[in-house]
Each structure stands twice: as C-alpha cells, then as structure tokens.
Amino acid sequence: MAAVATMKRFAVNVKLNAGINSNGDVKTKTVGMGNLNYTTATPEKILTIVDLMAPCLENEVYTVEQTEVKTLSNVDD
C-alpha cells in the first residue's frame, strides 16, 4: 500500500527572550508567522525576515522554529 503526504500547514514561530524564571530557565514569548509558501520560504529568507523585524519587537529573538504539518493518506495502487 502506497501513501502520500500533502502539505497542510507551514509556519514559523519566533521565540523571544522574556527574561529568566526562578529556576534559571529562559522564559519565552512566541510570535507566529503562518500562511507561508513552503516552496519559496527558504531558511535564508525566513531568517532575513526575522532579522528585519527584530528591532520592532519588545524582546530579543531567542530562537526560530519552522513547523510543517502534513496530511497522510493512502493511495490506491
């Protein structure tokens, strides 16, 4: 049985440094970017966008995460 994966959602989360908690761990706030075109949104382009918007954010950028959600389905042979 063959299966196919179809892109359902492609998003980027920018985690911002919101300080240190009582345990010494970094607290984060998240800024999400959705509805991205997964064929043209390369890692370089995504990081360029994050670098350009960083001065406009209240907290410094801590990390950037890319998320892909795919729907899996069977394909009749």
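Look a little higher up for the structure.
Read on for a plain summary of the structure. (Residues numbered from 1 in each chain as written. Predicted model: local features only at pLDDT ≥ 70, side-chain atom pairs only at ≥ 80, totals over all residues. Heavy atoms only, no water.)

## Regarding the side chain of N59
Working step 1: Mapped onto the fold, N59 is located in the loop between α1 (43-53) and β3 (61-75).
Working step 2: We classify N59 as buried; its relative accessible area is 19%.
Working step 3: One polar contact links the side chain of N59 to the main-chain carbonyl oxygen of N17, over a distance of 3.2 Å.
Working step 4: Not counting the four nearest positions on each side in its chain, N59 is found in contact with L16, N17, A18 and K29. (Helix = DSSP H or I, 4+ residues; strand = E, 2+ residues; numbered from the N terminus. Buried < 20%, exposed > 50% of the residue type's maximum accessible area, 1.4 Å probe, protein only. Polar contact = N/O pair within 3.5 Å; in protein donor to acceptor, adjacent residues only side chain to side chain. Contact = heavy atoms within 4.5 Å.)

## Thoughts on the sheet that holds β3
Working step 1: Here three strands make up an open sheet; going across it, the order is β2-β1-β3 and the pairing antiparallel. Edge positions in the open sheet fall to β2 (26-33) and β3, since each of these has one partner strand only. Going from strand to strand, the sheet's axes swing by 30° on average, the running direction of each strand aside.
Working step 2: Where strand β1 (residues 2-20) and β2 come together, seven bridges link them in antiparallel fashion. Note on β2: the bridge partner recorded for L16 is K29.
Working step 3: Set on the sheet, α1 makes contact with β1, β2 and β3; between it and β3 the angle comes to about 145°. (Pairing = 2+ DSSP bridges. Axes fitted to C-alpha atoms, helices over the stretch in contact; angles between N-to-C directions.)

## Examining the pattern of salt bridges
Working step 1: Under the criterion given, the structure shown has one salt bridge.
Working step 2: A salt bridge links E68 to K70; its shortest N-O distance comes to 3.8 Å.
Working step 3: Its relative accessible area of 41% is what places E68 among the partly exposed residues.
Working step 4: Residue classification places K70 among the partly exposed residues on the basis of a relative accessible area of 45%. (Salt bridge = Lys/Arg side-chain N within 4 Å of Asp/Glu carboxyl O.)

Functional significance is not addressed by these values, which are geometric in nature.
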